[in-house]
Amino acid sequence: MAAMRKVLLAALVAAFAAFIGHRFLKLKEMTLASREVEVKHLKCHYLNNIEYGAEDITILKDGLAFLSTGLKYPGLPSFSDDPGKMYILDLLHPKPTPVQLQIKGELDLSSFNPHGISVYTDETDGSVYLFVVNHPQHKSQVEIFRFVTEDTLVYLKTITHHLLHSVNDIVAVGVESFYATNDHYFINTALNSLTAILGMPLCNVVYYSPEEVRVAADGIMSSNGINISPDKRYIYVSDIIDHEINVFERQEGEQLVYIKSVAVGSLCDNIEVDHKTGDIWLGCHPNAMKLSTFDLKDPPGSEVIQIKNIHSEQPVVSREYVDNGHVLMASSVAAPYEGKLLIGSVFHKALCCDLK
């Protein structure tokens, strides 16, 4: 009997070791650790004043672009100790130049750490509201501002909730309502790494309104960027670890129903949507291992992916910009507007490129 127990124990240990080995290989696949990219450039120039990243960018229909800069995120490089800032850029100007937005109101700007952003225009009076994911002291909260003049935001309120525990990105659907992605399940980094190794899809999308807060969609490996279709019918979510863009349909009561996933072959961060064509634009990380083990001699690259006809049976996925990190490191967003493309990064610079 004792010999049988030893055999069973040895078999269990061997099986567990094989499982963990398999999961580590899977994690290597998930991070695309061995991937190298072939450069594909556009005609681009650096945006002035953006030296420490523009992690997220969103553009209004009139060409005004909002940029969140200076993100400090656990495990990723940061080249400045200064608080984060918000910028605005007029793409209709002959020489578009980012201008820092002044923030008025009782918000602690010394710990301002902006991440994902979204803009909502109130059709009743034309008021523009800017929603910003903020990580002061690495916490998660959402700030709501009103854009009042060409260079000023007025702070309105801070939103916190236990369901909004690891917010990455946000898409506003009302003056005080939004969908937000949680990119991790645990606060503890080691536990989050373990869930990735074990392939546990624990992340979700949360719907928030002043009346209710609840999980709208779950079962996601790591929910990252989020955005909405021009007709407001669909929500797009980037599952960065699974290299997919998930499509959900909004239902009555703001529940999300899963429709499909589109493989993109890269670790895609934020999502922007062309307001005219509905095309999806993604800022992506072609090799996440280079991002986490940062080395200036072999920097993390950048990749911009476009998805056309995402709701068709055969969406068209194409690589529109690729760099090996020597021009732009760690691209996180690509925002199109009238033949222009703004490409932002987590901690590096930002580009303005010509698409035509």
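Here's what I pulled together on the structure shown here. (Residues numbered from 1 in each chain as written. Predicted model: local features only at pLDDT ≥ 70, side-chain atom pairs only at ≥ 80, totals over all residues. Heavy atoms only, no water.)

**A look at the state of the cysteines**
So, point 1. Evaluation of the coordinates by the stated rule reveals two disulfides.
So, point 2. The disulfide that involves Cys44 links it to Cys353, with 2.1 Å between the sulfurs. For the disulfide bridge between Cys44 and Cys353, the dihedral angle about the S-S bond is near 105 degrees, and by the sign convention the bridge is right-handed. Separated by 309 residues along the polypeptide, Cys44 in strand β1 (residues 43–46) and Cys353 in strand β25 (residues 351–354) bring together distant segments of the chain.
So, point 3. The exposure class assigned to Cys44 is partly exposed, which follows from its relative accessible area of 29%.
So, point 4. For Cys353, a relative accessible area of 0% corresponds to the buried category. (Disulfide = S-S within 2.5 Å. Helix = DSSP H or I, 4+ residues; strand = E, 2+ residues; numbered from the N terminus. Buried < 20%, exposed > 50% of the residue type's maximum accessible area, 1.4 Å probe, protein only.)

**A look at the sheet that holds strand β9 (residues 141–149)**
So, point 1. Pairing is mixed in the open sheet, where five strands are placed in the order β6-β10-β9-β8-β7. The sheet is open, and its two edges are formed by β6 (102–104) and β7 (114–121), each paired on a single side. The average undirected angle you get between the axes of adjacent strands in this sheet is 30 degrees.
So, point 2. Bridge analysis of β6 against strand β10 (residues 152–159) gives three bridges, and the strand direction is parallel. Bridge pairing in β10 links Gln102 to Thr152. (Pairing = 2+ DSSP bridges. Axes fitted to C-alpha atoms, helices over the stretch in contact; angles between N-to-C directions.)

**Describing the pattern of salt bridges**
So, point 1. Using the criterion set out here, one finds 11 salt bridges in the structure.
So, point 2. A salt bridge links Lys290 to Glu36; the shortest N-O distance between them is 2.9 Å. Of this pair, Lys290 sits in helix α3 (residues 288–292) while Glu36 sits in the loop between α1 (2–30) and β1, and the two are 254 residues apart along the sequence.
So, point 3. On the accessibility criterion, Lys290 (13% relative accessible area) is buried.
So, point 4. Using a relative accessible area of 58% as the deciding quantity, one classes Glu36 as exposed.
So, point 5. Look at the salt bridges and you will find they share partners, linking Arg35, Glu303 and Arg319 into a network. (Salt bridge = Lys/Arg side-chain N within 4 Å of Asp/Glu carboxyl O.)

**Some details on the pairing of strand β19 (residues 267–273)**
In regular strands, side chains alternate between the two faces of the sheet.
So, point 1. Most of β19 sits out of view: seven of its seven residues are buried.
So, point 2. Bridge analysis of β19 against strand β20 (residues 280–285) gives five bridges, and the strand direction is antiparallel. The residue bridging Ile271 from the neighbouring strand is Leu282, located in β20.
So, point 3. Taken together, β19 and the strand that follows it, β20, pair antiparallel across an intervening segment of six residues, in which Gly278 is found at a positive phi of about 80 degrees.

**Re the environment of Val316**
So, point 1. In this fold, Val316 is placed in strand β22 (residues 316–323).
So, point 2. Sequence separation of Val316 and Val262 is 54 residues, and the distance between their C-alpha atoms is 9.7 Å.
So, point 3. Residues within four places of Val316 in sequence aside, it is in contact with Gln306, Ile307 and Lys308. (Contact = heavy atoms within 4.5 Å.)

**Comments concerning the packing of aromatic side chains**
So, point 1. Within the structure shown, the criterion is met by 11 aromatic pairs.
So, point 2. Aromatic ring contacts, followed pair by pair, group Phe79, Phe294 and Phe347 into a single cluster.
So, point 3. Residue placement shows Lys349 over the ring face of Tyr46; its charged tip is 5.4 Å from the ring centre. (Phe/Tyr/Trp six-rings, centres within 6.5 Å; stacked < 30°, edge-to-face > 60°. Lys NZ or Arg CZ within 6 Å of the ring centre and 35° of its normal.)

**Let's talk about the environment of Met289**
So, point 1. One can find Met289 in helix α3.
So, point 2. For the pair Met289 and Pro74, spaced 215 residues apart in the sequence, the C-alpha separation amounts to 15 Å.

**Considering the nonpolar core**
So, point 1. Residues Phe66, Met86, Leu130, Phe145, Phe147 and Leu153 are the most contacted members of the largest nonpolar core, which totals 18 residues.
So, point 2. The residues touching Leu153, leaving out its near neighbours within four places in the chain, are Met86, Leu101, Gln102, Ile103, Lys104, Leu130, Phe145, Arg146 and Phe147.
So, point 3. Within the second largest apolar cluster, 16 residues are counted, among which are Ile50, Ala54, Ile59 and Leu67. (Core = buried A, V, L, I, M, F, W, Y, C linked by side-chain atoms within 4.5 Å.)

**Observations concerning the sheet that holds strand β12 (residues 178–182)**
So, point 1. As summarised here, the arrangement of the four strands in space is β11-β12-β13-β14, forming an open sheet in which the pairing is antiparallel. The outermost strands of the open sheet, each flanked by one partner alone, are β11 (167–172) and β14 (213–220). Going across the sheet, the axis of each strand differs from the next one's by a mean of 20 degrees, ignoring polarity.
So, point 2. Both β12 and strand β13 (residues 203–208) contribute to a ladder of five bridges, which runs antiparallel. Bridging across to β13, Ala180 finds its partner in Val206.

**As for unusual backbone geometry**
So, point 1. Positive phi outside glycine occurs at Asn49, with the angle close to 75 degrees.
So, point 2. Its relative accessible area of 43% is what places Asn49 among the partly exposed residues.
So, point 3. In this model, His138 sits at a positive phi of 60 degrees, which is unusual for a non-glycine residue.
So, point 4. The residue His138 is located in the loop between β8 (128–134) and β9 in this model.

**Observations regarding the side chain of Gln306**
So, point 1. As for its placement among the helices and strands, Gln306 is situated in strand β21 (residues 302–308).
So, point 2. Side-chain polar atoms of Gln306 contact the side chain of Asp279, separated by 3.2 Å.
So, point 3. Here Gln306 is in contact with Asp279, Ile280, Trp281, Val316, Val317, Ser318 and Glu320, once residues within four sequence places are set aside. (Polar contact = N/O pair within 3.5 Å; in protein donor to acceptor, adjacent residues only side chain to side chain.)

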